[in-house]
Structure formats: C-alpha cells, structure tokens
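# Results of the structural survey
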Amino acid sequence: MAKYRVRVSTGEAFGAGTWDKMSITIVGTQGETPRLPLDHLGKEFTVGAEEDFEVKSPQDVGPVLLLRVHKAPPALPLLLGPLAPDAWFCRSFQLTPPRGSLLRFPAYQWLEGAGSLVLREGAAKVSWADHHPKLQQQRREELQARQEMYRWKTYQPGWPHCLDMETVKDLDLNTKYSVVKSTNLYLRAQSAFAELKIKGLLERKGSWRSLSEMEMVLNFQKTPATEYVFEHWQEDAFFASQFLNGLNPVLIHRCRRLPENFPVTDAMVAPVLGPGTSLQAELERGSLFLVDHGILSGVRTNVINGRPQFSAAPMTLLYQCPGHGLLLPLAIQLSQTPGPNSPIFLPSDDKWDWLLAKTWVRNADFSVHEALTHLLHTHLLSEVFVLATLRQLPHCHPLFKLLVPHTRYTLHINTLARELLITPKRVVDRSTGLGLRGFSELIQRSMEQLNYSVLCLPEDIRARGVEDIPGYYYRDDGMQIWGAVEHFVSEIIGIYYPSDVSVRDDSELQAWVWEIFSKGFLGRESSGLPSSLETREALVQYVTMVIFNCSAKHSAVGSGQFDYCAWMPNLPPSMQLPPPTSKGQASLEGFIATLPPVNASCDVIIALWLLSKEPGDQRPLGTYPEEHFTEEASRQSIAAFQSRLAQISQDIRVRNQGLVLPYTYLDPPLIESSISI
C-alpha cells in the first residue's frame, strides 16, 4: 500500500467551486493507480479553497509522470439520480509521493461537465527533453484535443485567419470572459446607450446644428485628456503632436526627399520656415517629416443614412522648429495626385480652409488607425499568436508558460468584435466612412505590404528615422518596455534552450512559428516574417515581438481612443461632403456639414469609449497570479522583470508631472497583459 498526500487549490473566480466529486489517477514509470477519490465529510472544492487529502494506492507507481484529474456529478439519494455537472476552476495540485519530494502540478484551467484533466509536473520541458513514451504520448494527445477545439477559419479574404467560432456563447470557459468582466461590459454599454438616447442624439440622422451642440457628447464622459483635446484641437502644434503621442503614433517618418507627387515650394512654406533657410536645407538638416495616408487612395466608401460618404488620401509635411523642437504642420495635400483640383493647403490660408484640411487628415488617420494600426496589427495578428500558441504548444512547454498570460480573453473580445463591430449592419458598417467593405479592402492592401520589421519597435523606429525627434513619448516609453520584455525573454530562453541547435530541434516551437507564418501572414515570404527559427537570438526577438504587440502596442493604440475621439471634430469617423478642390470656399457652416451625422458620431464614440477602458478583471503587464513556472531560476527572472517595469513606471510618472498632457498609455501598471478589450 502506497500513501500519497494531495493538496488541491480551487480558483477564486465567481463560480469556480463545484459540487461534483473529484478523483485522481497517478501515472508513474511503473504503472498507474486506480481512481483515488478526493473526499471529506461536507463540501469540498469551494471557491478559493486549498484542501489536503491522503489517498492510498494498492502499489507504488514509481516516479510520477502525470496526474489525471476526474470530475463527475454526485449521485443523490432516494433514486433522484445524478446532478447535472457544473464547472470547476482548478488552480493547481501538489502531490507528495511515498518516497520523494513535493511535486507541483499547475493547472489554471476550467473543467466543464464530467471529464478529465491531465496535468504535468510543473517543470517546463521542450519537446526534445521528454524521453518517456507516456510523456510524449500525453503531449501529442493534448495538442490533438486542442487542435480539434480551436480551429482556423477565413473571416474575410486576404485577412489573417481567425478562430472558427460564431459567437462568444460557443467559447469554452478557458477563453471566455469572466462573469465579472462580461457583466461590467454589458452595464457600461447599457448606461452609455441610455444616456445618449435620453439626450435625443442616438437616433438623430441629421447633421449637427453647431459645434457647441457636439459638447453634449463630450460631456458624456469627461477626462482631463478629452478636455485638453477640446481646448486645443484647432492648434497646429497639437495637430502635429498627435502623430507622435496620439492614437496613431506609428506613421510619421523623417523626410529626406519630397515625394514627386507632393510639389511643395519654398514660397509656400517661407512664413513658417522663416528667413535664411529653404526646403532643401531643412531636408538635409533632417527637420522635415512626412505622414502619408496614401494607402487610402481609391478605397471604397460607405453610405450612412442613405448618403454617400467620402474619403481622402492626404500627405502632410511637418517641420521640427530649431531650438525648442516644436513640431508644426507645413503643408497638406488631400490626394496623391497634384494638380489644380488638389491644392496644397498651408497654415497661411484662410482659417476654415486650413482647419478643414487638417480635419480631413484627422479623418484619414481615424480610418488607418482603426482598420490597420488597431484592428489588424494588434487584434487580428494577436489572435493568430494566441491560436497558434493554444494549438501547437503543450501546457508544459516553456513558451506556453511564458506566453499564456498574453492570451487571456483575446479570443473572446475578437469573437465579440466579429459579432458586434466588424460585421454587416453593425458599428463599422453603419457608422464609419469606409464601412466594412472599405475596412476589408484596406486590410487586404496592408497585408500585401506588411513587414516583420513594422512589428518590432526598435526596427520600426530606425526605419522611420525618428530616433531623435524630441517629445516622442510613444517611442521613449515603448523602447523602455521593449527592452524590459526582451531582457526577460532572453533570460527565460537561456534557461530552457542551451544552444541554437536546441531551438532548431524543438519541433513544437517550429510548428508554432510555421502556423503563425502560414495562417497569420498567409505564407507571404515578402513579409520577412520567419517561417522557422534557427537561433536563440532570433527566438528572443520573435517572442518579444509577440508579447509587445499583445500588450504594450495595443495599450498605446487602443487606450486613448475615447480621449481623442470624444471631441468628434478632432477625429471624425466619416465625412459627408467631398474633399475641397479649391481654396476660399470653406466656412463654419460647410465645416459642420462635412462632419459625420449625429447618430453615426454617437455610435462610434460609444464603441470607442467601451474599447478604451478595461471592464474590470485586469492583469497588468508583469503580474503573474498564475504560477505556471515552478523553477527558481524562472521565478527570479519574473521578479527582475517586475522590478524593471516598476522603475519604468516611476520614471514615466516623474516625467508626466512636467507635461500639460501626460502620456500614460505605456505606463506599465496601465498596460493590460493581453488584448482583452
């Protein structure tokens, strides 16, 4: 007779406990036990409980390899039959065998209905490190089950592939929102819709009567940032600053040569540049920057309330003033084709001509940001990373343990988006200037150009030539976080991969990389995304890229959506009149008539308010309440990572004290570990 001591830990989430009966099978090198009941008098496995059991097996099964956890509904007396099984969230098991030290079995999984869960001892193992046939078989069976559960589908032609689920109701509990998060999101949405409906705005299809009327939406949920935007939205300096620290801080690049289709002259910009210099001199000095929304050229536009909408593909030239380094707009052309019907607008133009031109740029930035920077580069690509992780890496794999915090709730929010946002007759389709067809076309175009370097922040910053432009807090904070993540990843990779050969020989790792390449980047070799990894250095960069885009990048381009869009003229989701083809025609009345209708404005602003704030149940970057790693070296690396993030946060907060508009989107405690909203 062999005695085993067992400690079972139940999660603390709402509904984590169970009335079901539990038993375990211990699998060792010399056989396996029969099912051993875990039973005390009274109710076991309540929310947050840690409970100890002693179980006896007819024989010692030798060194323990696996733990099978079985769950079944209890039988009731008086012939009432069994209860319907309920779900149980298993945090972990600890097992002390008759001979040997305590073994930890991390789980952190829901077990729904009657069924079994197979757990490995907590030490992370790559595929080539498992020599026992039973362990190899367990890895294969686990991945086969998950590949059947999480299947790929094509949602739109030319998009990255995604999870084959129609609604969030179809998701399993391990990928679904918690009750708290779902409830909070629902209540927030209902309160927002109710407030704007009471004000009579949500169903009003006409244009706004005045700029002051738009303040009714601004007052819906005021923040210091929304008030700052409202006060400064017409200023050239604020317009330019948004390319550095606004919603879409990834387009601006240094201009060394003016594009041939953007014929700006010295005479045009002399009032801003001043005497003693020229365009050529400033190009050589490196003080000119370009934002090109050319990808929008010719894209399909939407029909809202029966009216066709319009789009532009502007080019914006910016100037970094000497001395204080202030960035200012020099010139705007609203199309990619110069000519008499495409004038170059200048700060010296009439107030309404210039403001209207800047607003067309802001509308273009809305479209590119929402379709590409936010939806494609973070949500859609991160879903690919998440699905490939779930399908190709077993729970015991060190990369699964490293990446699993960055997969939390992503499948839920993206499935919800396909239900409520990016589907016919929903928000994108009914209230944005491009609509679903235009969004889809834009994503298809971008996928043909998308490059690995765009997803790697240090390479992206170098490629755009913006290493030294002052006041670029997205770059400054992002590079700090990239460095912290990279150092952490490097330490973890060093623990489990002793050489480049060990990377090449890890078949599960290579399958993971290949699936991301083939399903996410559609097998496009021109993307530069590797289809296999040959070295530890390449693996570190790749994993850093995944973590950064699933956390910090999404925070930078998602958390400020309401801040910058609440005052709608700063970031209009649609334009009801075509871009101007001449100067001297703009007016306040024409400006207001160009902006989106009332109902579309409110529809988008509510969506962006909901998408800008986590609805509870948060896990900031660097927090690990689930202890997937059990080895001391890994735990020390986690502690060092947390310490470095804390120092970055402290530095950001000290700097922000001196800013009139603090940049908070990359403050580590405010960065969610995963894309979950």
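Identification of the protein as Polyunsaturated fatty acid lipoxygenase ALOX15B isoform X1 from Equus przewalskii is taken from an unreviewed UniProt entry. Among the UniProt annotations of the protein, the heading Pathway (unreviewed entry) holds the following wording: "Lipid metabolism." Quoted straight from UniProt, the Subcellular location (unreviewed entry) entry for the protein says "Cytoplasm".

### A word on the UniProt feature "domain: Lipoxygenase" (unreviewed entry) in the protein
If you check UniProt for "domain: Lipoxygenase" (unreviewed entry), the listed places come out as residues 125-677 in our numbering. Across residues 125-677 one finds 51% helix and 5% strand; the C-alpha atoms that close the span lie 32 Å apart.

### Points about the sheet that holds strand E1 (residues 2-10)
Read from one edge of the open sheet, four strands run E5-E1-E9-E10, paired in antiparallel fashion. Only two strands of the sheet have a single neighbouring strand rather than two, namely strand E5 (50-57) and strand E10 (103-111). Each strand axis lies, on average, 25 degrees off the axis of its neighbour in the sheet, ignoring direction. Bridge count for E1 against E5 is eight bridges, and the pairing is antiparallel. Directly across from Ala-2, in E5, lies its bridge partner Ser-57.

### Quick notes on the packing of aromatic side chains
Per the stated rule, a full pass over the model turns up 22 aromatic pairs. Here the aromatic rings of Phe-239 and Phe-243 are separated by 5.5 Å at their centres, their planes lie at 85 degrees, and the arrangement is edge-to-face. In this pair, Phe-239 and Phe-243 both sit in helix H5 (residues 236-245), four residues apart, roughly one turn of the helix. With respect to class, Phe-239 is no different from Phe-243; both count as buried. When the centroid spacing of 6.0 Å and the interplanar angle of 25 degrees are considered together, the rings of Tyr-496 and Phe-629 count as stacked. Here Phe-629 lies in the loop between helix H22 (598-612) and helix H23 (632-656) and Tyr-496 lies in helix H15 (residues 473-496), a separation of 133 residues in the sequence. On the basis of relative accessibility, which here comes to 9%, the residue Tyr-496 falls in the buried class. Under the relative-accessibility criterion, Phe-629 is labelled buried at 6%. Counting every residue linked through ring pairs, the aromatic cluster contains Phe-230, Trp-233, Trp-352, Trp-567 and Phe-591. Above the plane of the ring of Trp-609 lies Arg-188, whose end atom (NZ or CZ) is 4.1 Å from the centre.

### Observations regarding the nonpolar core
Judged by nonpolar contacts, the single largest core of 166 residues is most densely connected at Leu-399, Trp-512, Tyr-542 and Met-545. Ignoring any residue separated from it by four or fewer positions in sequence, one finds Trp-512 in contact with Phe-385, Ala-388, Thr-389, Gln-392, Leu-393, Leu-399, Leu-403, Tyr-542, Val-543 and Val-546. If you look at the next biggest cluster of nonpolar residues, it comprises 26 residues, including Phe-53, Phe-105, Ala-107 and Leu-119.

### Focus: the packing of helix H14 (residues 457-464) against H15
Contact pair H14 / H15: the axes reach a minimum separation of 10 Å and the direction vectors enclose 145 degrees. Residue-level inspection shows Leu-457, Pro-458, Ile-461 and Arg-464 of H14 in contact with H15, the latter providing Tyr-474, Arg-475, Gly-478, Met-479 and Trp-482. Among the residues forming the contact of H14 with H15, the class breakdown is six nonpolar, one polar and two charged.

Procedures and definitions
- Residues numbered from 1 in each chain as written.
- Predicted model: local features only at pLDDT ≥ 70, side-chain atom pairs only at ≥ 80, totals over all residues.
- Heavy atoms only, no water.
- UniProt positions renumbered as here; feature names shortened; annotations may be inferred.
- Helix = DSSP H or I, 4+ residues; strand = E, 2+ residues; numbered from the N terminus.
- Pairing = 2+ DSSP bridges.
- Axes fitted to C-alpha atoms, helices over the stretch in contact; angles between N-to-C directions.
- Phe/Tyr/Trp six-rings, centres within 6.5 Å; stacked < 30°, edge-to-face > 60°.
- Buried < 20%, exposed > 50% of the residue type's maximum accessible area, 1.4 Å probe, protein only.
- Lys NZ or Arg CZ within 6 Å of the ring centre and 35° of its normal.
- Core = buried A, V, L, I, M, F, W, Y, C linked by side-chain atoms within 4.5 Å.
- Contact = heavy atoms within 4.5 Å.
- Nonpolar A, V, L, I, M, F, W, Y, C, P; charged D, E, K, R; others polar.

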